[in-house]
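# Per-entry structural report
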Amino acid sequence: AVLEKQRAFTDEIHAMGAEVLLSVHASVQMSAGQIVAMAKFMEAQGIDIAKIVVSGSSKDTVMEHLEACKILSEQLQCKFSVHGQSTLSRLMCPMFGSYIAFCVDEYTQVQTNIQIDLDTMTALFEGGELKYDLETLVGLFVSPEMTGAR
């Protein structure tokens, strides 16, 4: 019954000429296969954009996110956004087909540094100058888990 109501609502939104984004924030680590299965299930609901946020920031989990993006860009008809709770995942997944990159305007004491600042993301995609030097970027984007530091 819930899926039928959701589909009816999606149809109403489409009738108004808008797109529908369905978002899942899974608070667990997921394999590429699990992410792909979730996205395909979401797509079957008639949505336009499947957004999946998963846990994990290790090298292995980021590789799973990238593999999922690669597969989804080949198999999914709708747009998708996949990323984990790490800046590296948020940076790399759009390069592998993820449709949306969530950014911050600037870093403040109360904002997370997981999201990349808009100027840096724009420069990376447009080939412009980076707002921060490489050492600062590494400090902002790479968690101790990624470098093996303790």
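Residues numbered from 1 in each chain as written. Predicted model: local features only at pLDDT ≥ 70, side-chain atom pairs only at ≥ 80, totals over all residues. Heavy atoms only, no water.

## Structural notes on helix H5 (residues 118-126)
What H5 keeps buried is the set Thr120, Met121 and Ala123. Along the axis of H5, the buried residues cluster in a sector spanning 165 degrees; they form a single face. Two or three places before Asp119, at the opening of H5, Asp117 has a side-chain oxygen 3.3 Å from that residue's backbone nitrogen. (Buried < 20%, exposed > 50% of the residue type's maximum accessible area, 1.4 Å probe, protein only. Helix = DSSP H or I, 4+ residues; strand = E, 2+ residues; numbered from the N terminus. Arc of directions from axis to C-beta. Polar contact = N/O pair within 3.5 Å; in protein donor to acceptor, adjacent residues only side chain to side chain.)

## Here's the deal with helix H1 (residues 2-15)
The terminal C-alpha atoms of H1, which comprises 14 residues, lie 20 Å apart, in line with the 20 Å expected from a rise of 1.5 Å per residue. Looking one or two residues beyond H1, the residue adopting positive phi is Gly17, at roughly 90 degrees. (Expected span 1.5 Å × (residues − 1).)

## Topic: the nonpolar core
Grouped together as the largest cluster of nonpolar side chains are 24 residues, with contacts concentrated most on Ile35, Ile52, Leu72 and Val82. Ranked by residues supplied to this core, first place goes to helix H3 (residues 59-75) with six residues. (Core = buried A, V, L, I, M, F, W, Y, C linked by side-chain atoms within 4.5 Å.)

## Some remarks on the pattern of salt bridges
Taken as a whole and judged by the stated rule, the model has three salt bridges. Notably, a salt bridge pairs Lys79 with Glu19, separated by 2.5 Å at the nearest N-O pair. Linking Lys79 in strand E3 (residues 79-84) with Glu19 in the loop between H1 and strand E1 (21-25), this pair joins segments that are 60 residues apart in sequence. The class for Glu19 is partly exposed, based on a relative accessible area of 46%. (Salt bridge = Lys/Arg side-chain N within 4 Å of Asp/Glu carboxyl O.)

## A look at the confidence of the model for the chain
As a general rule, the predicted coordinates of low-pLDDT regions are not to be interpreted in detail. Averaged over every residue, the pLDDT of the chain is 82; residues scoring 70 or more account for 81%. Mean pLDDT in the chain bottoms out at helix H7 (residues 144-147), which sits at 45, and peaks at helix H2 (residues 32-43), which reaches 96. A low-confidence stretch, residues 143-150 (pLDDT under 50), is modelled with ten contacts involving residues beyond four sequence positions or located in other chains. (pLDDT = per-residue confidence, 0-100. Contact = heavy atoms within 4.5 Å.)

## A closer look at the pairing of E3
Buried residues dominate E3, accounting for five of its six residues. Pairing of strand E2 (residues 49-54) with E3 involves six bridges; the strand directions are parallel. Paired with Ala50 across the bridge in E3 is Phe80. In this view, the connection linking E2 to its parallel neighbour E3 by way of H3 has right-handed handedness. (Pairing = 2+ DSSP bridges. Right-handed = clockwise from strand over helix to strand, strands pointing away.)

## Side note on the sheet that holds E2
Taken together, three strands build an open sheet; the order of strands is E1-E2-E3 and the sheet is parallel. Two strands close off the open sheet at either side, each with one partner strand: E1 and E3. Neighbour-to-neighbour, the strand axes of this sheet turn through a mean angle of 10 degrees, independent of strand direction. By the bridge criterion, five bridges tie E1 to E2 in an arrangement that is parallel. Paired with Ser23 across the two strands is Lys51, which belongs to E2. (Axes fitted to C-alpha atoms, helices over the stretch in contact; angles between N-to-C directions.)

## A few points about the packing of aromatic side chains
Scanning all chains against the criterion turns up zero aromatic pairs. The side chain of Lys51 reaches across the aromatic face of Phe102, ending 4.7 Å from its centre. (Phe/Tyr/Trp six-rings, centres within 6.5 Å; stacked < 30°, edge-to-face > 60°. Lys NZ or Arg CZ within 6 Å of the ring centre and 35° of its normal.)

## A look at the pairing of E2
Of all six residues in E2, six are buried; the element is thus mostly enclosed. With burial as the criterion, each face of E2 is covered, one bearing Ile49, Lys51 and Val53 and the other bearing Ala50, Ile52 and Val54. After leaving E1, the chain enters H2 and then returns to the sheet as E2, a path that is right-handed.

## Describing the side chain of His65
For His65, the location among the structural elements is in helix H3. Classification of His65 as buried rests on a relative accessible area of 0%. A polar atom in the side chain of His65 sits 3.0 Å from the side chain of Ser89. Once residues within four sequence positions are removed from consideration, His65 is found in contact with Ile35, Val54, Ser55, Gly56, Val82, His83, Gly84, Ser89 and Cys93.

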